[in-house]
Amino acid sequence: VTIEPRVLRQFAETVGPSHVLTDADVVAGYAADFTGRFVGATPAVVRPADTEQVASVVAVCRSAGLPIVPQGGNTGLVGGGVPLAGEVLLSLRRIDEISDVDEVSGQLTAGAGASLATVQQRAAAAGWRYGVDMASRDSATIGGTVATNAGGLRVLRHGDTRAQVLGIEAVLGTGSTVSHLGGLIKDNTGYHLPSLLCGSEGTLGIVTAVRLRLVAPAVDPVVALVGLGSVAEAVTTAGHLRRQVHGCEAIELFVAEGLELVCRVAELPLPTARMHPAYLLVEVSGGEGASTALAAALDAAPGVGETAVATDAARAAQLWRYREAHTEAINSLGPPHKLDVTLPASALAEFMGVVGAAVHAVAPGSRTWLFGHAADGNVHVNVTGVPPDRDDVDDVVFELVSGYGGSISAEHGIGTAKRAWLHLNRSAAELDAFRGIKKALDPDAILNPNVLLSV
Ligand SMILES: Cc1cc2nc3c(=O)[nH]c(=O)nc-3n(C[C@H](O)[C@H](O)[C@H](O)COP(=O)(O)OP(=O)(O)OC[C@H]3O[C@@H](n4cnc5c(N)ncnc54)[C@H](O)[C@@H]3O)c2cc1C
């Protein structure tokens, strides 16, 4: 997409000349994703400072017929936040103001560009906690987590991002600004725009601010890394823990192959005396009582081999590292196909047992790495050793997932990467409804026209 000098001048008048970036070296960092699988190009990166400036940029783009890709921290994994078809890149990172915490309601308002980690820190400083957490916390923005309805490590305890958002401010594709940031918990006054915009992946509106609900902090958290005899036993144990231990904060899953890679790449010692086929990383809140309940539940669970336990924050962080370092360790092998899927709990172990061989059958040089959020049935299927354009790998995995009654996207969204397979999860009637909503809120299809739906 080429851009007229007149339009660049209009951008500069709106956001200031230093916030319209066109230098090839500078814009390149905005045009490629974290994994290097998705690499695009843009005629301009525009960095507005507030909602009004966002609305003005949208108006300029609408009248010039220029499509926009909104971008936050650029940690998304489905090619939704990079300009793959030469779109204008709208970076929200400058809109990063966070309000004081309302001590009584336990809420705060965050600008779209505030990082997840900053919001967590602001909440913690006021004695509260933000209920969403994930390994990309330092770069991912609140706007991006809303746009993707991010899940992460604590969905089991506090729900996904949608469950935290009480109000939203956004510039729609129509150019109008909707702002409803009062933070009323009960407010049944029609369509719930925060829910609609959560997970809309920048296709309906550009989120500029959100009112977030905070939760009570964990009490004396205890972390246990549990080695098990098989994935099936890990899944059964996760079910036992959810039922028997009240303060379960997180139950994460990885397997021997991934742990071996993590230890090698991140130069970490094996966390248990010997390697086990499967591991659960469990965090419980509630101090001694919770630890006792956890120990009793693990004693009664099938296939538990060894358990490493942390009761202090430093050791807990070390144990978490074995789970969180998976993404960077896998990425060190070259751009992976990252396929984030959900299975019904009853099919999770079987799926994990067969998916690697199924991928290998179509891509003999490949390796499949599996880890995920056990309590949610969410497994990240990472395939390395295949070129980015090998769609047959995605075909095999998604058909398998669909056959088990799972979802082709658990928490990363559809983006551009999974658009061709959306029909596996959504009926023709649902897709028609999606298109109707898109038409109403973004009639000229200028917001992320290549993401989620084919318009
Ligand atoms: C190491 C690592 C670990 C991760 N772990 C998890 C995890 O556990 N759970 C999980 O759910 N995800 C995870 N992710 C994926 C990613 O961090 C999330 O999808 C995150 O929510 C993206 O936020 P972002 O600010 O980086 O958005 P971006 O990558 O910039 O954008 C993502 C999408 O949102 C749109 N968008 C961004 N900002 C806005 C806005 N203000 N208004 C409208 N649309 C917008 C973009 O156009 C794009 O479609 C992980 C990623 C990495 C690299």
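Remember, predicted model here, so these are calculated numbers, not experimental data.

Taken together, 36 residues sit near the ligand, with Pro-70, Thr-75, Gly-76, Ser-136 and Thr-141 positioned nearest. One nitrogen or oxygen atom from the side chain of Glu-411 is found 2.9 Å from a nitrogen atom belonging to the ligand. The separation between an oxygen atom of the ligand and a polar side-chain atom of Asn-448 is 2.9 Å. Breaking the shell around the ligand down by element, the ones donating at least two residues are strand E3 (68–71), helix H5 (142–147) and strand E8 (205–213). No other element matches the 4 residues that H5 contributes to the shell around the ligand. The residue makeup of the shell around the ligand, split by class, is 12 nonpolar, 22 polar and 2 charged.

Take the sheet that holds strand E14 (residues 367–373) next. One open sheet accounts for 7 strands, arranged E12-E9-E11-E10-E14-E15-E13; its pairing is antiparallel. This sheet does not close on itself; its edge strands, each paired only once, are strand E12 (304–310) and strand E13 (337–342). The mean angle between the axes of side-by-side strands here comes to 20°, regardless of whether they run parallel or antiparallel. Of the pairings in the sheet, the one linking E14 to strand E15 (residues 378–384) comprises 7 bridges and is antiparallel in character. When the bridges of E15 are listed, Arg-367 appears paired with Thr-384. Sitting on the sheet, helix H9 (residues 256–265) is in contact with strand E10 (248–255), strand E11 (278–284) and E14, with an inclination near 90° to E10.

This brings us to the sheet that holds strand E1 (residues 20–21). With mixed pairing, the 4 strands of this open sheet are ordered in space as E1-E2-E4-E3. The open sheet is flanked by E1 and E3, the only strands paired with a single partner. Here E3 pairs with strand E4 (residues 88–91) via 4 bridges, running parallel. Paired with Gln-71 across the bridge in E4 is Ser-91.

Tallied over the full model, the rule gives 16 salt bridges. One salt bridge in this structure joins Arg-37 and Asp-394, with 3.7 Å as the shortest N-O distance. Pair noted here: Arg-37 is in the loop between helix H2 (24–31) and strand E2 (45–46) and Asp-394 is in helix H14 (residues 391–403), with a separation of 357 residues, a long-range link. Across the pair Glu-249 and Arg-157 runs a salt bridge whose closest N-O atoms are separated by 3.0 Å. With Glu-249 in strand E10 and Arg-157 in helix H6 (residues 155–158), the pair connects residues that are 92 residues apart, well separated along the chain. Using a relative accessible area of 1% as the deciding quantity, one classes Glu-249 as buried. On the accessibility criterion, Arg-157 (36% relative accessible area) is partly exposed. Among the charged side chains, a network of salt bridges with common partners joins Arg-129, Arg-154, Arg-157, Glu-249 and Glu-283.

Conventions we followed
- Residues numbered from 1 in each chain as written.
- Predicted model: local features only at pLDDT ≥ 70, side-chain atom pairs only at ≥ 80, totals over all residues.
- Heavy atoms only, no water.
- Near = heavy atom within 4 Å.
- Polar contact = N/O pair within 3.5 Å; in protein donor to acceptor, adjacent residues only side chain to side chain.
- Helix = DSSP H or I, 4+ residues; strand = E, 2+ residues; numbered from the N terminus.
- Nonpolar A, V, L, I, M, F, W, Y, C, P; charged D, E, K, R; others polar.
- Pairing = 2+ DSSP bridges.
- Axes fitted to C-alpha atoms, helices over the stretch in contact; angles between N-to-C directions.
- Contact = heavy atoms within 4.5 Å.
- Salt bridge = Lys/Arg side-chain N within 4 Å of Asp/Glu carboxyl O.
- Buried < 20%, exposed > 50% of the residue type's maximum accessible area, 1.4 Å probe, protein only.

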